[in-house]
Amino acid sequence: MLLAGGGYIKPKRITEGMFILVRKAGVKKISFHDQRHTHASFLLAIGINPKVAAERLGMTPSMFNERYSNLLPIMQEEAIDKIEAELNKYAEKQLETAEK
């Protein structure tokens, strides 16, 4: 891994450092790879654009979509709920305006 100052750090050292921090924090130890999957899932769950999420993980959008498309049906339902809520707000405003 290339550091901002131009030096390199070995991936093994990153993992070792991560496990030290996990131990100090008192949280469950999971692999670096599992943390990567958790991060990707979290990004999708909070509505981050899949293209942006893919870039953060160093993946192409097609690679990202292939790997994480199983999460998208749930997100589609959430999108429908959000769209419906916004349309209902708009309809209520239209009714209020018409009643005046």
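Residues numbered from 1 in each chain as written. Predicted model: local features only at pLDDT ≥ 70, side-chain atom pairs only at ≥ 80, totals over all residues. Heavy atoms only, no water.

(A) The arrangement of the packing of aromatic side chains in detail. According to the stated counting rule, one finds 1 aromatic pair in the structure shown. Taken together, a centroid distance of 4.8 Å and an interplanar angle of 40 degrees make the contact between Phe64 and Tyr68 tilted. Residue Phe64 and its partner Tyr68 are located together in helix 4 (residues 61-68), separated by 4 residues, close to a single helical turn. Both residues of the pair, Phe64 and Tyr68, count as buried. Over the face of the ring belonging to Phe19 we find Lys29, whose NZ or CZ atom lies 4.3 Å from the ring centre. (Phe/Tyr/Trp six-rings, centres within 6.5 Å; stacked < 30°, edge-to-face > 60°. Helix = DSSP H or I, 4+ residues; strand = E, 2+ residues; numbered from the N terminus. Buried < 20%, exposed > 50% of the residue type's maximum accessible area, 1.4 Å probe, protein only. Lys NZ or Arg CZ within 6 Å of the ring centre and 35° of its normal.)

(B) Fine view of a negative patch on the surface. On the surface, Glu77, Glu78, Asp81 and Glu84 cluster together into a negatively charged patch. Mapped onto the fold, Asp81 is located in helix 5 (residues 72-99). (Patch = residues over 30% accessible without salt bridge, like charges linked within 9 Å, V, L, I, M, F, W, Y side chains within 5 Å. Areas by Shrake-Rupley, 256 points an atom, 1.4 Å probe, with all protein chains shown as cover. Salt bridge = Lys/Arg side-chain N within 4 Å of Asp/Glu carboxyl O. Lys, Arg positive; Asp, Glu negative; His and termini not counted. Charge placed at Lys NZ, Arg CZ, Asp CG, Glu CD.)

(C) Inspection of the pattern of salt bridges at higher detail. One pass over the full model with this rule turns up 2 salt bridges. With its nearest N and O atoms 2.5 Å apart, the salt bridge here joins Lys51 to Glu55. With Lys51 and Glu55 both in helix 3 (residues 50-56) and 4 residues apart, the pair spans about one turn of that helix. For Lys51, a relative accessible area of 45% corresponds to the partly exposed category.

(D) Structural view of the packing of helix 2 (residues 32-45) against helix 4. It is the contact of helix 2 with helix 4, at a shortest axis distance of 12 Å, that shows an interaxial angle of 95 degrees. Between helix 2 and helix 4, the interaxial angle falls into the category roughly perpendicular. In this structure, helix 2 contributes Arg36, His37, Ala40 and Leu44 to the contact, and helix 4 contributes Phe64, Arg67 and Tyr68. The class makeup of the residues in the contact of helix 2 with helix 4 is 4 nonpolar, 1 polar and 2 charged. (Axes fitted to C-alpha atoms, helices over the stretch in contact; angles between N-to-C directions. Parallel < 35°, antiparallel > 145°, perpendicular 65-115°, else oblique. Contact = heavy atoms within 4.5 Å. Nonpolar A, V, L, I, M, F, W, Y, C, P; charged D, E, K, R; others polar.)

Functional significance is not addressed by these values, which are geometric in nature.
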